Amino acid sequence: MGSVFNAIGLMSGTSLDGVDAALIETDGERIGARAGAVTLPYSPALRDRLRVLLDKAADIDPQDGELLAVIRALTLRHAEAVAILRAKYPYIRPDLIGFHGQTLRHAPERRLTWQAGDATLLSRETGLPVVHDFRGSDVAAGGQGAPLVPFYHAALLSGRPGPVAVLNIGGVANVTLIDSRGGVHACDTGPGNALLDDWAFKHTGIACDHDGALARAGEVRIDIVEMLLDDPFFGLPAPKSLDRLAFHRAMRAVADLSAQDGAATLAAFTVEAVARTALPEAPLAWYICGGGRHNPVLMQGLAARLGVPVEKVEALGWNGDALEAECFGFLAARSVRGLPISAPGTTGVPTPMTGGRLTCTGIVPPGWLMAG
């Protein structure tokens, strides 16, 4: 590979569970070593503060004192994750960071997307160049700004015949399809873990339905699932994307159910939304990443509804917990080299385009910005 970077990718997803940090070797086109990863959870207090901000993100003043304090706290948590990762792999010298930030609002129909985080502070704390704001240019150009993982999935699957799908079940679920000609297609499918996580926390005080215990013990209310699937989102063509709170009315729809039946119904909603997603070709196999792959009810439901092999991405030798973080290291390298990070088939942007902004408070090695 030419113009190779040791890139640290940072991802804090819509599940609000913490920071994933991963270190990969890449030129933004091919992937060399995937050295390893760490996960650093948010404290319960920080998670609660983020949830409050999510609920009022549409109206909050950008200079609100609590907002600025939370952004600083979550940025320092990311810096801590970088420090832990570097200490774990001291023999690898990182060149740059891809910093996704924490999504507080995503409304591409209004050309708005907001990933909170202070790139300048992160660069200062780590002494590394930071690429951030990956979604803004795409959304400003009329794209959905999500999902951004498809180019990374395509690079990992290079040479593997399609059609094959990679499904990420985070707070929101999204799918990448590599078609039989190698074309890349993507969209959000609907809710992922967010609704189930919120429901489980409300009823058990635990931030997820651990091992699918609640959902497994409940009965699915098919009428409620069908009602939720009447949402206009499901009639839209791909590419399309969602905000974490887009289906929050589902919580009202199951409000009168038992903890078990509500969990079973929300899990079925996630599965059925995936199964009904219209793709250009029917995948011959599905590989699942994200936190949802740890939920046996979701995995069994997907296998039953999709009717083809459904496996965790570990079957491909991937680390499903680190995949999105690795992706933003990969995208940081692409950004620095001016390569596209989104395309009409992945976000609906009019033309393939690059994205991300570079912030650097330290010394950049001579010729670094000319790489690629």
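Conventions used here
- Residues numbered from 1 in each chain as written.
- Predicted model: local features only at pLDDT ≥ 70, side-chain atom pairs only at ≥ 80, totals over all residues.
- Heavy atoms only, no water.
- Helix = DSSP H or I, 4+ residues; strand = E, 2+ residues; numbered from the N terminus.
- Contact = heavy atoms within 4.5 Å.
- Polar contact = N/O pair within 3.5 Å; in protein donor to acceptor, adjacent residues only side chain to side chain.
- Salt bridge = Lys/Arg side-chain N within 4 Å of Asp/Glu carboxyl O.
- Buried < 20%, exposed > 50% of the residue type's maximum accessible area, 1.4 Å probe, protein only.
- Pairing = 2+ DSSP bridges.
- Axes fitted to C-alpha atoms, helices over the stretch in contact; angles between N-to-C directions.

1. Describing the environment of His185
Now for step 1: Secondary-structure assignment places His185 in strand S9 (residues 184-191).
Now for step 2: Along the sequence, His185 and Val19 sit 166 residues apart, while their C-alpha atoms lie 27 Å from each other.
Now for step 3: Not counting residues up to four positions away in its chain, the partners in contact with His185 are Val175, Thr176, Leu177, Asp179, Pro280 and Gly345.
Now for step 4: For His185, the side chain forms a polar contact with the side chain of Asp179, separated by 2.8 Å.

2. Brief notes about the side chain of Asn193
Now for step 1: Looking at the secondary structure, you find Asn193 in the loop between S9 and helix H6 (194-204).
Now for step 2: Within the structure, the side chain of Asn193 is placed 3.0 Å from the backbone oxygen of Ile169, a separation counted as a polar contact.
Now for step 3: In this structure Asn193 touches Ser15, Ile169, Gly170, Gly171, Gly291, Gly292 and Leu298, once residues within four positions along its chain are discounted.

3. Focus: the pattern of salt bridges
Now for step 1: Considering all chains together, one arrives at 14 salt bridges under this definition.
Now for step 2: Across the salt bridge formed by Arg51 and Asp198, the nearest N and O atoms sit 3.1 Å from each other. Taken together, the residues span a long stretch of sequence, with Arg51 in helix H1 (residues 44-55) and Asp198 in helix H6 at a distance of 147 residues. The pair Arg51 / Asp198 is uniform in exposure class, with both members buried.
Now for step 3: Beyond isolated ion pairs, a larger network of salt bridges with shared partners links Glu226, Glu272, Arg276 and Arg305.

4. What to know about the sheet that holds strand S10 (residues 286-289)
Now for step 1: Read across the sheet, five strands follow the order S9-S8-S7-S10-S11 without closing on themselves; strand pairing throughout is mixed. Each end of this open sheet is capped by a strand with a single partner; those strands are S9 and strand S11 (310-312). Pairs of neighbouring strands in the sheet enclose a mean axial angle of 25°, with direction left out of account.
Now for step 2: Inspection of the sheet shows strand S7 (residues 164-169) paired to S10 by four bridges, in the parallel sense.

Structural measurements only, silent on function.
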